[in-house]
Amino acid sequence: MMKLYDTQRSGNAWKIRLLAGLLNIPLERVTLSIKRGDLDDPEFLKRSPLGMVPILELKDGCTIGESIAILQFLALGTPWWPVAALDQAYVLMWLSFEQSQHMHPLAQLRLHLSLRRDRGAGDEDMVRFKAEAEHALHLLDEQLARQGRSGWIATQTHPSIADVALYPYTRLASMGGIDLETFQNLPPWLARIESLPGYQPLFSGRYDLNFATIEMAGKTK
Ligand SMILES: N[C@@H](CCC(=O)N[C@@H](CS)C(=O)NCC(=O)O)C(=O)O
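Residues numbered from 1 in each chain as written. Predicted model: local features only at pLDDT ≥ 70, side-chain atom pairs only at ≥ 80, totals over all residues. Heavy atoms only, no water.

A few words on the sheet that holds strand β1 (residues 2–7). Read across the open sheet, the 4 strands follow the order β2-β1-β3-β4; overall the sheet is mixed. Single-partner strands in this sheet number two, and they are β2 (27–32) and β4 (63–65). For this sheet the average axis-to-axis angle between neighbouring strands, irrespective of direction, equals 20°. Relative to strand β3 (residues 55–57), β1 runs antiparallel, the two being bridged by 3 bridges. Looking at β3, one finds that Leu 4 is bridged to Leu 56. Across the face of the sheet, helix α1 (residues 11–22) comes into contact with β1 and β2 while running at roughly 145° to β1. Along the sheet, helix α3 (residues 67–75) makes contact with β1, β3 and β4, crossing β4 at roughly 125°. (Pairing = 2+ DSSP bridges. Helix = DSSP H or I, 4+ residues; strand = E, 2+ residues; numbered from the N terminus. Axes fitted to C-alpha atoms, helices over the stretch in contact; angles between N-to-C directions. Contact = heavy atoms within 4.5 Å.)

Next comes the structure, spelled out in structure tokens:
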């Protein structure tokens with residue numbers, strides 16, 4: 001079985017568990033702790049030169065880092081990675097958007113305002129991240145409007161790995177102080193993903209913990 005190195009609350013690793021669930025691919029989870037220093041461990045750094053999760057380890061020991069590379073690797077040959085060159089280009093375009101404009105500000109807001117609670121919403125960088133995150137979510141909302149009720153982020157007839165990549169940090173945006181209900185097309189799109197067979201919540205079997213802070217989640221152990 002392939003192994004997924006993750007942390008309990010990593011949104012980037014959630015993307016991989018979500019796609020694996022949707023594709024019915026079994027993964028062995030190796031859940032590391034940043035606090036314990038697991039990501040600086042020399043054994044882990046051999047698998048992940050950048051010292052980050054997620055990492056997918058194949059049966060032969062080869063490892064793949066970067067969530068979007070792992071998603072593409074798992075989706076190849078399935079409807080989640082389209083066949084037409086133009087559709088592939090659109091998927092790559094939205095994956096690039098996720099990495100360059102979407103994930104970082106949303107992840108920083110969630111980390112500092114909700115998980116670590118070590119910053120205030122009025123801090124200069126948090127205000128900047130909020131503006132960047134809202135701008136990215138507006139672009140996503142507008143794209144969903146263009147795609148129509150039955151369309152997906154980058155494709156029309158079947159969702160792609162662009163939907164999977166953009167799902168976790170959009171879903172968790174409220175932890176960074178963003179009200180998703182102010183966006184017309186994001187809530188129905190999130191609900192459509194959540195109704196797909198094989199959907200995986202962040203905390204398996206414990207949907208209520210998806211928005212938990214570190215303290216609340218710690219009590220589940
Ligand atoms: N571009 C990377 C980002 C991965 C990433 O930011 N991982 C975080 C957890 S969500 C991490 O490992 N942080 C640990 C650290 O930076 O020390 C991806 O998409 O996989």
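And the narrative resumes.
Here we take up the confidence of the model for the protein chain. Summarising the model, the protein chain shows a mean pLDDT of 94, and 95% of its residues fall at 70 or more. The low-confidence segment residues 217–221, where pLDDT is below 50, has 9 contacts with residues more than four positions distant or belonging to other chains. (pLDDT = per-residue confidence, 0-100.)

Bringing the packing of helix α4 (residues 85–115) against helix α6 (residues 161–171) into the picture now. Any two packed helices are characterised by how steeply their axes cross, that is the angle between the axes, and by the distance between the axes. At a minimum axis distance of 9 Å, the contact between α4 and α6 shows a crossing angle of 10°. Between α4 and α6, the crossing angle belongs to the class labelled roughly parallel. Where α4 abuts α6, its residues Val 91, Trp 94, Leu 95, Phe 97, Glu 98, His 102, Met 103, Leu 106, Ala 107 and Arg 110 lie against Ile 161, Ala 162, Ala 165, Leu 166, Tyr 169 and Thr 170. Taken together, the residues of the contact of α4 with α6 break down into 12 nonpolar, 2 polar and 2 charged. (Parallel < 35°, antiparallel > 145°, perpendicular 65-115°, else oblique. Nonpolar A, V, L, I, M, F, W, Y, C, P; charged D, E, K, R; others polar.)

Considering only enclosed or pocket space, the second largest pocket measures out at about 200 Å³ in volume. In terms of lining residues, the second largest pocket is bounded by Leu 144, Ala 145, Gly 148, Arg 149, Gly 151, Gln 184, Asn 185, Pro 188, Trp 189 and Arg 192. Where the lining of the second largest pocket is concerned, the elements lending two or more residues are α5 (124–147) and α7 (186–194). For the lining of the second largest pocket, the element with the highest residue contribution is α7, accounting for 3 residues. (1 Å grid on protein atoms, 1.4 Å probe; cavity = no way out; pocket = protein on both sides within 12 Å on 5 of 7 lines; lining within 4 Å. Points joined across faces, edges and corners; volume = space filled by probe spheres on them.)

With that settled, consider the domain arrangement of the protein chain. Once the domains are mapped, the protein chain shows domain 1 (2–78 + 202–209) and domain 2 (85–194). For domain 1 versus domain 2, the distance between C-alpha centres works out to 20 Å. Counting from both sides, the interface comprises 17 residues of domain 1 and, opposite them, 15 residues of domain 2. Summed over both partners, the interface of domain 1 with domain 2 buries about 1400 Å², with 71% contributed by carbon and sulfur atoms. Scanning the region where domain 1 abuts domain 2 turns up 1 salt bridge. Across the salt bridge formed by Glu 98 and Lys 15, the nearest N and O atoms sit 2.7 Å from each other. Linking domain 1 with domain 2 are 4 residue pairs in polar contact (both at pLDDT 80 or more), by the criterion used here. A total of 7 residues in the side of domain 1 that touches domain 2 trace back to one element, the largest contributor, which is α1. Considered class by class, the residues forming the side of domain 1 that touches domain 2 number 9 nonpolar, 5 polar and 3 charged. (Domains from an automatic or database assignment. Buried area = accessible area lost by both parts, 1.4 Å probe. Salt bridge = Lys/Arg side-chain N within 4 Å of Asp/Glu carboxyl O. Polar contact = N/O pair within 3.5 Å; in protein donor to acceptor, adjacent residues only side chain to side chain.)

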